[in-house]
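Results of the structural survey
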Amino acid sequence: MTTPQHKIGSGFGATSTAAEVLDGIDLTGKLALVTGGYSGIGLETTRALANAGAHVVVPARRRATAEAALDGLAEVDELDLGDLDSVRAFADRFLATGRRLDVVIDSAGIMACPETRVGPGWEAQFATNHLGHFALVNRLWPAIADGARVVSVSSRGHHFSPVRWADPHFETGYDKWLAYGQAKTANILFAVHLDRFGRDRGVRAFALHPGSILTNLARHIPQDERVAQGWVDENGVPSGYFKTPEAGAATQVWAATSPQLDGHGGVYLEDCDIAGLAPEGDGVTDVGLRVGVRDYAIDPSEAARLWALSAELTGVDATSR
């Protein structure tokens, strides 16, 4: 059964850091893959896992940039999630090594970008944030070890939109925030169905909101919009609710490693705990923050429908083997 969306009282919270949630956990001999693991919260995730003893593989679209940022901290390879040929080539190279993955963290992503088309005309946020990771995990499935964890980094942005079944690629008009919301909903639904498929091998999947962190992910958001959203003031000073990158990495590291989640899976996490369901209505609290997970993002039938669509679009499906 899928774990209910109820807090378990982890003892950690919004300000906990990746190093803190790993305190006392030895990852020596473990192999982890972290997409986007060379900038923002991805870099902090890589650093925390490596410091705990794991060997980390970071596939990167900008390999030279990744190598400079990581400076020997992790193994770097090439991967462009918006290019399925690149996904296949990376997966083939990795499978050829014969190694087994204990952790996969799908952390790379783009947010609220101008209308962009990739592949056969796919909307870039859905294609990169979801379809690229879908193809990657399915192609790497033979290398994912029994008992492994797969972590899909979503966002509170999933509140903006469910999957738009009639027009997932925004062919009838583009909205950058709806497109981001759909992609983040897809990240959660992916974890729901992957957990259902993988649990017989002990492979558990989780999705999560890492928190609000001002990193390069927000590069497409102009300053006036950041002010209007309340992210920063007129002088560019960030709002107090933003996390540090070290705290932003904590929930995905906790999802990937914590023994507190043994026996759990297929759920959405926030602030190093299992999240509750979103409040009725638009999910916005009295302090203006969206919290919890929307019911459409954890619906097993929606998850199965998205899996089928993703398999059709990418041409890969580990569940059919």
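In this text the structure is predicted, and so the values were computed from the model without any measurement.

Our next topic: the overall build of the protein chain. Per the secondary structure count, the protein chain includes 10 helices and 10 strands. By the burial criterion, 55% of the 321 residues in the protein chain qualify as buried. Taking all contacts inside the protein chain whose residues are at least 6 apart in sequence as the whole, residues at least 24 apart take part in 73%. Total accessible area computed for the protein chain in this model is approximately 13100 Å², and 50% of it derives from carbon and sulfur atoms.

Empty space left among the atoms is revealed by rolling a probe the size of a water molecule over them. What the rule picks out here adds up to one cavity of 30 Å³ or more. Estimated volume of the largest cavity: approximately 30 Å³. Along the walls of the largest cavity sit Leu81, Gly82, Leu84, Val118, Trp122, Ala127, Leu131 and Gly132, which together make up its complete lining. Considering each element in turn, the lining of the largest cavity owes the most residues, three residues, to helix α5 (residues 124-140). Along the lines of polarity and charge, the residues of the lining of the largest cavity split into six nonpolar, two polar and no charged.

Attention shifts here to the pairing of strand β7 (residues 144-153). Consecutive side chains along a regular strand alternate between the two faces of the sheet. In terms of burial, β7 is a largely internal element, eight of the 10 residues being buried. By the bridge criterion, five bridges tie strand β4 (residues 101-106) to β7 in an arrangement that is parallel. Within the sheet, the bridge partner assigned to isoleucine 105 lies in β7 and is valine 151. Strand direction decides the pairing type here: β7 and strand β8 (residues 204-209), joined by five bridges, are parallel. Opposite serine 152, over in β8, you have alanine 207 as the bridge partner. Between the parallel pair β7 and β8, the chain is carried across by helix α6 (residues 176-198), and the sense of this crossover is right-handed.

Within the largest apolar cluster, 53 residues are counted, with the highest numbers of intra-cluster contacts made by Phe90, Phe94, Leu136, Leu140, Ile144, Val150 and Leu194. Those elements that place two or more of their residues in this core are β1 (31-35), α4 (84-96), β4, α5, β7, α6, β8 and α10 (300-314). Top contributing element to this core by residue count: α5, with nine residues. Setting aside anything within four residues of it in sequence, one finds phenylalanine 94 in contact with Leu31, Val57, Arg99, Leu101, Leu140 and Ala143. Among the nonpolar cores identified, the runner-up in size contains 39 residues, and Ala32, Phe206, Ala250 and Ala255 belong to it.

Attention shifts here to the side chain of aspartate 317. Assignment of secondary structure puts aspartate 317 in the segment after α10. A polar contact of 2.9 Å, which involves the side chain of aspartate 317, links it to the side chain of tryptophan 307. Ignoring anything within four residues of it in the chain, the contact list for aspartate 317 reads Asn138, Trp307 and Ala311.

On to the packing of aromatic side chains, then. Two aromatic rings, taken as a pair, are described by how far apart their centres are and by the angle between their planes. According to the stated counting rule, one finds eight aromatic pairs in the structure shown. The interplanar angle of 80° and the centroid separation of 5.8 Å between the aromatic rings of phenylalanine 160 and tryptophan 177 together place this pair among those described as edge-to-face. Here phenylalanine 160, found in the loop between β7 and α6, pairs with tryptophan 177, found in helix α6; they are 17 residues apart in sequence, far enough to count as distant. Relative to tyrosine 174, the ring of phenylalanine 170 has its centre 5.9 Å away and its plane inclined at 75°; by these criteria the two rings are edge-to-face. The exposure class assigned to phenylalanine 170 is buried, which follows from its relative accessible area of 1%. Judged by its relative accessible area of 22%, tyrosine 174 is partly exposed. Of the aromatic side chains, those joined through ring pairs into one cluster are Phe134, Phe190 and Trp307. The cationic tip of arginine 201 hangs over the ring face of tryptophan 141; the distance from NZ or CZ to the ring centre is 4.8 Å.

Orientation of helix α2 (residues 40-51) relative to helix α9 (residues 250-257), taken along the N-to-C sense of each, is 45°, at an axis distance of 9 Å. Looking at the two axes, α2 sits oblique to α9. As α2 packs across α9, the resulting crossing turns out to be right-handed. When α2 is examined against α9, the residues Ile41, Thr45, Ala48 and Leu49 are found in contact with a partner set consisting of Gln252, Val253 and Thr257. Residue classes in the contact of α2 with α9 are distributed as four nonpolar, three polar and no charged.

Cut-offs and rules
Residues numbered from 1 in each chain as written. Predicted model: local features only at pLDDT ≥ 70, side-chain atom pairs only at ≥ 80, totals over all residues. Heavy atoms only, no water. Helix = DSSP H or I, 4+ residues; strand = E, 2+ residues; numbered from the N terminus. Buried < 20%, exposed > 50% of the residue type's maximum accessible area, 1.4 Å probe, protein only. Contact = heavy atoms within 4.5 Å. Areas by Shrake-Rupley, 256 points an atom, 1.4 Å probe, with all protein chains shown as cover. 1 Å grid on protein atoms, 1.4 Å probe; cavity = no way out; pocket = protein on both sides within 12 Å on 5 of 7 lines; lining within 4 Å. Points joined across faces, edges and corners; volume = space filled by probe spheres on them. Nonpolar A, V, L, I, M, F, W, Y, C, P; charged D, E, K, R; others polar. Pairing = 2+ DSSP bridges. Right-handed = clockwise from strand over helix to strand, strands pointing away. Core = buried A, V, L, I, M, F, W, Y, C linked by side-chain atoms within 4.5 Å. Polar contact = N/O pair within 3.5 Å; in protein donor to acceptor, adjacent residues only side chain to side chain. Phe/Tyr/Trp six-rings, centres within 6.5 Å; stacked < 30°, edge-to-face > 60°. Lys NZ or Arg CZ within 6 Å of the ring centre and 35° of its normal. Axes fitted to C-alpha atoms, helices over the stretch in contact; angles between N-to-C directions. Parallel < 35°, antiparallel > 145°, perpendicular 65-115°, else oblique. Left-handed = near helix turned anticlockwise from the far one by under 90°.

All we've got here are geometric facts, nothing functional implied.
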